[in-house]
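Secondary and tertiary structure notes
Each chain, written out:
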Amino acid sequence: MFNWKISKAQYLIVILLAMPILCLVLMASFERLSPYYLQYNATLSLPVGIYLMERCDEKQVKRGDTVAFQHQKPDWLPEGFWVDRSLKNIAGLEGDSVSVIETPPSVKVCISKNGQCKEFKRHGHLPVEQGMNGIIPENKMFVVGTHKDSLDSRYYGLVEKEVIEACAKFLF
């Protein structure tokens, strides 16, 4: 067999380097069992990178939280432009007043609770969700990405809070 002789220092270095990798692999493999798991975001809607996901329910979320959820693909969106699990920031919750104003070539979103209006560039020729002016109903949320061309509630409407799978924290 092999007759490798390694010093205690070399052994310790190997163990110290292997531990974080082993922890990441175990966290990823126990995604369904653990309240924590990792998710890689490759879209430009939010910063690209690895997020620590913690299971949470709709009662725990607040405005500004980043959440992962599954949402149905809009009928008008071509195949290949939709991911199973979306990662977005909550901009508005039930009781908030929201207005989406189409001002070509931009879309302005105003949410009353935080008193902010944000202007976004149009994402190609995507249709702005009509009827998005008014009070957000119970158990719904308005989600946005940080990128100016994020595919979010401006285009596919309000999202049911019950589809939230996890709350996210950007790691790196």
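Placed above this text is the structure.
Model, not experiment: these values are computed from the prediction.

**Some details on the sheet that holds strand 2 (residues 49-55)**
Consider a sheet: its strands pair through backbone hydrogen bonds, and that pairing is either parallel or antiparallel. Spatially, 7 strands are ordered 1-2-11-3-4-9-10 in an open sheet, and the strand pairing comes out antiparallel. The sheet is open, and its two edges are formed by strand 1 (36-41) and strand 10 (159-160), each paired on a single side. Pairing analysis gives 4 bridges linking strand 3 (residues 66-69) to strand 11 (residues 164-170), with the strands arranged antiparallel. Bridging across to strand 11, valine 67 finds its partner in cysteine 167.

**Regarding the packing of aromatic side chains**
Scanning the entire structure with this criterion turns up 1 aromatic pair. Residues tyrosine 51 and phenylalanine 170 carry aromatic rings whose centres are separated by 5.2 Å and whose planes lie at 70° to one another, so their mutual orientation is edge-to-face. Linking tyrosine 51 in strand 2 with phenylalanine 170 in strand 11, this pair joins segments that are 119 residues apart in sequence. For phenylalanine 170, a relative accessible area of 42% gives the class partly exposed.

**Brief notes about unusual backbone geometry**
Even without a glycine there, the phi angle at asparagine 139 is positive, about 65°. As for its position among the elements, asparagine 139 is in the loop between strand 8 (134-135) and strand 9 (140-144). Overall, asparagine 139 belongs to the partly exposed group, its relative accessible area being 38%.

**With respect to the state of the cysteines**
In total, this model carries 1 disulfide according to the counting rule given. The disulfide partner of cysteine 56 is cysteine 167, and the gap between their sulfur atoms is 2.1 Å. On the sign convention where negative means left-handed, the S-S torsion of about 95° between cysteine 56 and cysteine 167 marks this disulfide as right-handed. Of this pair, cysteine 56 sits in the loop between strand 2 and strand 3 while cysteine 167 sits in strand 11; the two residues are 111 residues apart in sequence, bridging distant segments of the chain. For the pair cysteine 56 and cysteine 167, a shared accessibility class is recorded, and that class is buried.

**Observations regarding the pairing of strand 4 (residues 86-93)**
Judged by how many residues are buried, strand 4 sits mostly within the fold: 8 of 8 residues are covered. Bridge analysis of strand 3 against strand 4 gives 4 bridges, and the strand direction is antiparallel. In the sheet register, valine 67 faces strand 4, and the bridge partner there is lysine 88. As paired elements, strand 4 and strand 9 share 4 bridges and run antiparallel to each other. The partner of isoleucine 90 across the bridge, within strand 9, is valine 143.

**Some thoughts on the side chain of glutamine 39**
Relative to the assigned elements, glutamine 39 resides in strand 1. Assessed through its relative accessible area of 12%, glutamine 39 is described here as buried. Residues in contact with glutamine 39, not counting those within four places in the same chain, are Gly49, Ile50, Tyr51, Met53, Ala68, Arg85 and Leu87.

Rules behind the numbers
Residues numbered from 1 in each chain as written. Predicted model: local features only at pLDDT ≥ 70, side-chain atom pairs only at ≥ 80, totals over all residues. Heavy atoms only, no water. Pairing = 2+ DSSP bridges. Helix = DSSP H or I, 4+ residues; strand = E, 2+ residues; numbered from the N terminus. Phe/Tyr/Trp six-rings, centres within 6.5 Å; stacked < 30°, edge-to-face > 60°. Buried < 20%, exposed > 50% of the residue type's maximum accessible area, 1.4 Å probe, protein only. Disulfide = S-S within 2.5 Å. Contact = heavy atoms within 4.5 Å.

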